[in-house]
Amino acid sequence: MTAPPLAESSPRRGGGVLRHVAGKLGGALAGLAGVVVLGFFLFRLIPGDPTVTMTRGRQVDEAQIAELRALHGYDRPIVEQFGQYVGGLLHGDMGTSLFYRRTVAELIAERVWPTLLLVGTSTLIAVTLGLWLGIRGAWRRDSPFDRASTGVALVGWAMPAFWLGMLLSMATGNLFPSGGMRFSNTPPDFWSQALDVAHHMVLPCLTLIAVVYAQYQLVMRSSLLEEMNADYLTTARAKGLRDDQVRRRHAVPNALLPTVTLVFLHIGLVVTGAITVETVFSWPGLGLLTYEALAGPDLPLLQGTFVVLAGSVIVMNVLADLLYQVLDPRVRAS
Amino acid sequence: MTSIVWQRRRAAVGSTWRDFTRDRGGLIGLVVLGAVVVLALLAPLVTDPAALDVTKAAGERWQPPSGEYWFGTDHTGRSVLLLTWWGSRISLLVGLTATVLSVMIGTLVGITAAHFGGWPSAGLMWVTSFFLVLPSLVLAIALSSVLPRGIWTIVLAIAVTSWASTARLVRAQTLSVEARPYIERARVLGGGHAHVIGRHVLPAVLPLVFVNTTLTVANAIVAEATLSFLGLGDPAAVSWGSMLRAANLHGAVSQRAWWFLLPPGLGVVVVVLTFTLVGRALETVLNPRLRGDR
């Protein structure tokens, strides 16, 4: 669908869009600042003395606690700590992990790619599958296919991701590796490595897809159902278009809009799914890193993963807003 | 006058109930849910909690289902049937209390933001949209990792992170109710904030809140299972999430102990599904726009 040509003509329009984009970006910056403050509040203020939380259930003497406190700067005034924390974040410094004895930034940089690979692949497949099922279901509303696929989607939605992961892992037996990302004895050339990673990724990917595709399907279905009685579809049919042409060229593009932004809005849900799925399959990503940090609890590391995960979700939301601008001529023109 | 109001309300409840029973999925969900709740309540009367104690475990470890242990035994020799049964109590308790708390926060924030307006309202809406965007489970994990372990920590963590969608819904509904002439009439007649909110806004908003509650419970129960699975639950309490954690830690997958894996997970699925079905049915009844032309 092309935009009406009059959208280009008004000279004031460009300024409106710019102001809108600037507003969105400002909101996003405020959101990121909120995450940073929340990170400080959660991991420095709530625990009272973070060293006590971190050494809970361990045998430590006063001298060790004092050393730990000095190492992380917990003995300084709270305002100074906040200043150091924000200043560090701006330089990409998120402190040092207690457990790994390495910088948090380094650990996160190392673990971010496996998560991106897993989340990206499963989101792509889940969106394609969900949209296709949603469109088919809505087009033949209340058909056996519609009822069955909606039922399956609801069951998938109700399942905890980690449970499904364990079931799949047990059901497939030795067909797929039970954890990790690659075997150590795989030849170092690119294709063997890629094949090995793909082999390891099958089960975590399947689990994530099964748990998240339902929302795309349900939203696509209800969004298309709202378009079903629209007059322009009657017109399209009256022109003599075939049924699937009406669907593909007229109904679906209009119904797709809310769904496209939803893909970005729900990335937060995929991220939370990834935490437990990575835990079950020992997939070496940010989710597993969070789980490992919980065992300590390794507060500096937890703080780092929290800021990165929450921050990236906020960035995704801004992208969704901006994308909506580009895609929807009605919003673009207003 | 009050009796007329009550008659009308009773009639409204009656017609809502009749519409609800027409939705087969919702009715099935309600019946199954009732059965699960009754079973959970009966657990202390019918069974002996002493059998949950690891030191008093009577059976062999990893025993498949048999006549004596219908669902087999876990890694310490406890009956999986008994664990699942008692686990339902914690899962339902946490799910329900967290939801009540979350819906209360959401309703309060939503009505305040819509009713009073001005900069406090703008601030509240900013906080709401911030919490709406934030991945709630990531925040819940962070919150329960710094607070002392226990089921009330989990309740708090889930409630504090999941109220935002309720707040947005309640705010929209409050705004639309307060734009109606009868609110203006009440104000002109001298009704204060408490009167307008208590007598007019709340009754109009509550049905929507109720629907929202049933759908929130589903999320809260999955969240509880997830937090317990990650080891953030009460270590002493048996819940479906903590059973699955034990199954994962003690290698139920490599032991092929399907009898330890299936019951707690199915419990979560069944309870979540019934709440979703009931919620969807209620939504259809209370929101006529969703009603199909069947």
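Here the structure is a predicted model, which means the values were calculated and not measured.

Visitor: How would you summarise the overall build of chain A if you had to cite specific residues and measurements?
Guide: On a plain count of helices and strands, chain A comes out with 15 helices and zero strands. With the C-alpha coordinates of chain A rotated into their principal frame, the extents come out at 85 × 60 × 40 Å. Here the analysis covers contacts within chain A between residues at least 6 apart in sequence; of these, 74% occur between residues at least 24 apart.

Visitor: Describe the overall build of chain B, with residues and values.
Guide: Within chain B, the regular secondary structure consists of 11 helices and zero strands. Tracing chain B from N to C terminus, the helices and strands come up as α-α-α-α-α-α-α-α-α-α-α. Taken along the three principal axes of its C-alpha coordinates, chain B extends 75 × 45 × 35 Å. Out of the 294 residues in chain B, the part that is buried amounts to 43%. Intrachain contacts of chain B at a sequence separation of at least 6 include 71% that bridge at least 24 residues.

Visitor: Kindly report on the interface of chain A and chain B, identifying the contributing residues and their values.
Guide: With 34 residues of chain A in contact, the opposing surface of chain B contributes 32 residues. Breaking the side of chain A that touches chain B down by element, the ones donating at least two residues are helix H2 (13-45), helix H7 (144-158), helix H8 (161-172), helix H12 (267-281), helix H13 (286-295) and helix H14 (299-327) of chain A. Examining the composition of the side of chain A that touches chain B, we find that seven residues originate from one element, H14(A), more than from any other.

Visitor: Go over the packing of helix H3 (residues 80-116) of chain B against helix H6 (residues 151-162) of chain B, please, and point to the residues and values.
Guide: In helix packing, the relevant descriptors are the interaxial angle and the interaxial distance, both defined with respect to the helix axes. All names here are of chain B. At a minimum axis distance of 8 Å, the contact between H3 and H6 shows a crossing angle of 40°. Between H3 and H6, the interaxial angle falls into the category oblique. Both H3 and H6 take part in a crossing whose hand is right-handed. Contacts between H3 and H6 involve Ile-90, Val-94, Thr-97, Ala-98, Leu-101, Ser-102 and Ile-105 from the first element and Ile-151, Ile-154, Val-155, Ile-158, Ala-159 and Ser-162 from the second. Residue composition of the contact of H3 with H6, grouped by class: 10 nonpolar, three polar and no charged.

Visitor: Summarise the confidence of the model for chain A; cite the residues concerned and give the values.
Guide: When pLDDT is averaged across chain A, the result is 82; 93% of the residues are at 70 or more. Confidence scores differ between elements of chain A, with helix H1 (residues 6-9) of chain A showing the lowest mean pLDDT of 42 and helix H6 (residues 104-139) of chain A the highest of 91.

Visitor: Give me the lowdown on helix H5 (residues 78-90) of chain A, citing residues and values where you can.
Guide: Taking 1.5 Å per residue, 13 residues should reach 18 Å; H5(A) reaches 18 Å between its end C-alpha atoms and fits that length. A:Gly92 lies just past H5(A) and shows a positive phi near 80°.

Visitor: Describe the confidence of the model for chain B, and please don't skip the residues or the numbers.
Guide: All names here are of chain B. Residues of chain B with pLDDT of at least 70 account for 94%, and the chain-wide mean is 84. The secondary structure element of chain B with the lowest average pLDDT is helix H1 (residues 2-22), at 81, and the one with the highest is H6, at 91. Across the predicted assembly, pTM comes out at 0.85 and ipTM at 0.84.

Visitor: Outline unusual backbone geometry, supporting the account with residue identities and numerical values.
Guide: Residue and element names in this part refer to chain A. Positive phi, normally seen in glycine, also occurs at Arg-101, with a value near 55°. Take Arg-101: it is sitting in the loop between H5 and H6. By C-beta crowding, Arg-101 is classed as exposed, having 7 other C-beta atoms within 10 Å. For Ser-282, which is not glycine, the phi dihedral falls at a positive 50°. Tracing the sequence through the fold places Ser-282 in the loop between H12 and H13. Here Ser-282 falls in the partly exposed class, since 16 other C-beta atoms lie within 10 Å of it.

Criteria and cut-off values
- Residues numbered from 1 in each chain as written.
- Chains lettered and ligands numbered in written order.
- Predicted model: local features only at pLDDT ≥ 70, side-chain atom pairs only at ≥ 80, totals over all residues.
- Helix = DSSP H or I, 4+ residues; strand = E, 2+ residues; numbered from the N terminus.
- Contact = placed C-beta atoms within 7 Å.
- Buried ≥ 20, exposed ≤ 12 C-beta atoms within 10 Å, placed from the backbone.
- Axes fitted to C-alpha atoms, helices over the stretch in contact; angles between N-to-C directions.
- Parallel < 35°, antiparallel > 145°, perpendicular 65-115°, else oblique.
- Left-handed = near helix turned anticlockwise from the far one by under 90°.
- Nonpolar A, V, L, I, M, F, W, Y, C, P; charged D, E, K, R; others polar.
- pLDDT = per-residue confidence, 0-100.
- Expected span 1.5 Å × (residues − 1).

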